[in-house]
Amino acid sequence: MSTLASPISVSLEDEKNPWLAAAARFDDAARRLRLDDGMCKVLRTAAREITVHIPVQLDDGWLEIFTGYRVQHSIARGPAKGGIRFAPDVTLDEVRALASWMTWKCAVVNIPFGGGKGGVICDPNLLSPAELEKLTRRYTAEIIDFIGPERDVLAPDVNTNEQTMAWIMDTYSMHARHTVTAVVTGKPLALGGSRGRPEATGRGCMMVALKALERFGLKLDTCCVVIQGFGNVGEMAAKLMSAKGFKIVSIVEYDGAVYNPKGLDIAALAQHRNETGTINGFSGGEELDKDQALFLECDVLVPAATENVITSLNADKLRCKILCEGANGPTTPLADEILADKKVFVIPDILANAGGVTVSYFEWVQDRQGYFWNEQLVNQRLEGIMVESFDTVVHYAQTHSVNNRTAAYMLALDRVASAIKLRGIYA
């Protein structure tokens, strides 16, 4: 019996499993493309899954063992590419799903990478800087034979940053006996990082949101935006969109939400959060329940925090015209069906937040050339890729009579499958 005979259905119990969500969307796109069973098996299966156990001597002398993962989903179109997250709830299923999303994301924006992802099960808030450095360096050493500029290029993700990347780059370079800057992206500028990289994901979100406004004939100066998450992506998106003329009426965080119908002063809110550790108590807006803030009437909603924010339990309450997914996997497959019925224009994560990996690609290129671009050139080239990719996905959706997410997956699967067919199967 064909593996494409019937779709993978996601039950309510499994709705928030990222691997099953990725599988459901994959199968839907594969059926529509009429990919044969063998190709589906290749595309569905990760090329390599690495589990490592990392001994770290803590500051108090105690020896602890941490578990880490690195999944390389595909290397058909180039080296694997993807971030590393440090979190207590990291699972292999999550890392698998994120690695596959990276494959599709790189293919959607047509950059020469496959997908990879890594994670270490730990609570970085409980570890000192010295302990984090030891953990990072030992994790790097454990996977060192499988990474590199031509194999797998690492990047920051949840609870990792440019300092983490500097430690990884230095560890890899010490083993290589020469400096290898291109093994990671998202590095400090002084170590081969790219101008424009910290803002890239938020900037990409802004660029595709502008394209969506243009498509619907909405005016920028009256456009109301709600952003969920005020981390790197959410804060950058808020700052850039506000500077462009969007009216950011609400910022939603894990511990509350702030609202101002006339538009929030994002710079002042960021300063308040930096000083107090929270957006709560901000004098430039009123406090709202964080769950209710998602349901404010707005033109653009940007979920920019974590997975599974929009589910079958709350999707029908959304009152946005455009959903621009700054986070990875913020919407479940069951919620997608509800949003389609509500005629919400979804800019899927593998397109909307691809600005980060696009400028990471630019960083990798600059490192390999040893020649660095100014920020204007970085942003100009980013805009070219984001605008072209948006137009391609929307056109694909219209041509095949599918929604934008399905179109993005179909486009990505088609590109990766074509690369595999051209290369052939080595045996």
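Our structure's up above, just so we're on the same page.
This one's a predicted model, so the numbers in the text were calculated from it and none came from an experiment.

Trainee: Can you tell me about the pattern of salt bridges, naming the residues and giving the values?
Mentor: Scanning all chains against the criterion turns up 26 salt bridges. With a closest N to O distance of 2.9 Å, Arg138 and Glu142 form a salt bridge. Here the residue Arg138 and the residue Glu142 both occupy positions in helix α4 (residues 129–142), the gap between them amounting to 4 residues, near one helical turn. The class of Glu142 is partly exposed, set by a relative accessible area of 31%. We note a salt bridge from Asp349 to Arg405, for which the minimum N-O separation is 3.7 Å. Highlighted residues: Asp349 in helix α11 (residues 349–352) and Arg405 in helix α14 (residues 404–423), separated in sequence by 56 residues. Pair check on accessibility: Asp349 and Arg405 agree, each one buried.

Trainee: Kindly report on helix α3 (residues 92–108), identifying the contributing residues and their values.
Mentor: Its 17 residues give α3 an end-to-end C-alpha distance of 24 Å, which sits within 8% of 24 Å, the value for a rise of 1.5 Å per residue. Burial within α3 is extensive, with 14 of its 17 residues counted as buried. Trailing α3 by a residue or two, Asn110 shows a phi angle of about 60°, which is positive.

Trainee: Before we move on, could you go through the sheet that holds strand β1 (residues 48–57) and cite the residues and values that matter?
Mentor: One open sheet accounts for 5 strands, arranged β1-β2-β4-β3-β5; its pairing is mixed. Looking at the sheet topology across the chains shown, the edges are occupied by β1 and β5 (152–156). Strand-to-strand twist in this sheet, taken as the mean axis angle between neighbours without regard to direction, amounts to 25°. Examined bridge by bridge, strand β2 (residues 63–72) and strand β4 (residues 114–121) share 5 bridges and lie antiparallel to one another. Looking at the pairing, Gln72 lines up with Gly116 of β4. Running over the sheet, α3 touches β1, β2, β3 (80–87) and β4 and is turned about 155° from β4.

Trainee: So what about the nonpolar core? Which residues, and what values?
Mentor: Judged by nonpolar contacts, the single largest core of 86 residues is most densely connected at Leu43, Trp104, Ile251 and Ile347. The leading source of residues in this core is α14, at 10 residues. Sequence-distant contacts of Trp104, that is, excluding residues within four places in its chain, are made with Phe26, Leu43, His73, Ile350, Tyr409, Ala412, Leu413 and Val416. Leu58, Phe66, Tyr139 and Met169 belong to the second-largest nonpolar core, a separate cluster that totals 26 residues.

Trainee: How would you summarise the packing of helix α1 (residues 18–33) against helix α2 (residues 37–44) if you had to cite specific residues and measurements?
Mentor: It is at 11 Å that the axes of α1 and α2 come closest, and there the two elements cross at 150°. Here α1 lies roughly antiparallel to α2, going by the angle between them. When the axes of α1 and α2 are compared, the crossing they make is right-handed. Of α2, the residues touching α1 (which contributes Trp19, Phe26, Asp27 and Ala30) are Cys40, Leu43 and Arg44. Considered class by class, the residues forming the contact of α1 with α2 number 5 nonpolar, no polar and 2 charged.

Trainee: Can you tell me about the sheet that holds strand β8 (residues 256–259), naming the residues and giving the values?
Mentor: Here 7 strands make up an open sheet; going across it, the order is β9-β8-β7-β6-β10-β11-β12 and the pairing mixed. Among the strands making up the open sheet, the edge pair consists of β9 (286–288) and β12 (345–347). On average, adjacent strands in this sheet sit at an angle of 25° to one another, irrespective of strand direction. Where strand β11 (residues 319–324) lies against β12, 3 bridges are found, and the strand directions are parallel. Across the sheet, residue Cys324 finds its bridge partner in β12, namely Ile347.

Trainee: Describe empty space enclosed by the protein, and please don't skip the residues or the numbers.
Mentor: Inspection of every chain in the model, using the stated rule, returns 2 cavities of 30 Å³ or more. Every residue lining the largest cavity is listed: Trp19, Ala22, Ala23, Phe26, Leu43, Arg44, His73, Ser100 and Trp104. When residues of the lining of the largest cavity are traced back to their parent elements, those giving at least two are α1, α2 and α3. No other element matches the 4 residues that α1 contributes to the lining of the largest cavity. A per-class count over the lining of the largest cavity returns 6 nonpolar, 2 polar and 1 charged. As for the second largest cavity, its lining consists of Pro18, Ala21, Arg25, Trp101, Asn308, Gly329, Thr331, Thr332 and Pro333. No other element matches α1, which puts 3 residues into the lining of the second largest cavity.

About the thresholds
Residues numbered from 1 in each chain as written. Predicted model: local features only at pLDDT ≥ 70, side-chain atom pairs only at ≥ 80, totals over all residues. Heavy atoms only, no water. Salt bridge = Lys/Arg side-chain N within 4 Å of Asp/Glu carboxyl O. Helix = DSSP H or I, 4+ residues; strand = E, 2+ residues; numbered from the N terminus. Buried < 20%, exposed > 50% of the residue type's maximum accessible area, 1.4 Å probe, protein only. Expected span 1.5 Å × (residues − 1). Pairing = 2+ DSSP bridges. Axes fitted to C-alpha atoms, helices over the stretch in contact; angles between N-to-C directions. Contact = heavy atoms within 4.5 Å. Core = buried A, V, L, I, M, F, W, Y, C linked by side-chain atoms within 4.5 Å. Parallel < 35°, antiparallel > 145°, perpendicular 65-115°, else oblique. Left-handed = near helix turned anticlockwise from the far one by under 90°. Nonpolar A, V, L, I, M, F, W, Y, C, P; charged D, E, K, R; others polar. 1 Å grid on protein atoms, 1.4 Å probe; cavity = no way out; pocket = protein on both sides within 12 Å on 5 of 7 lines; lining within 4 Å. Points joined across faces, edges and corners; volume = space filled by probe spheres on them.

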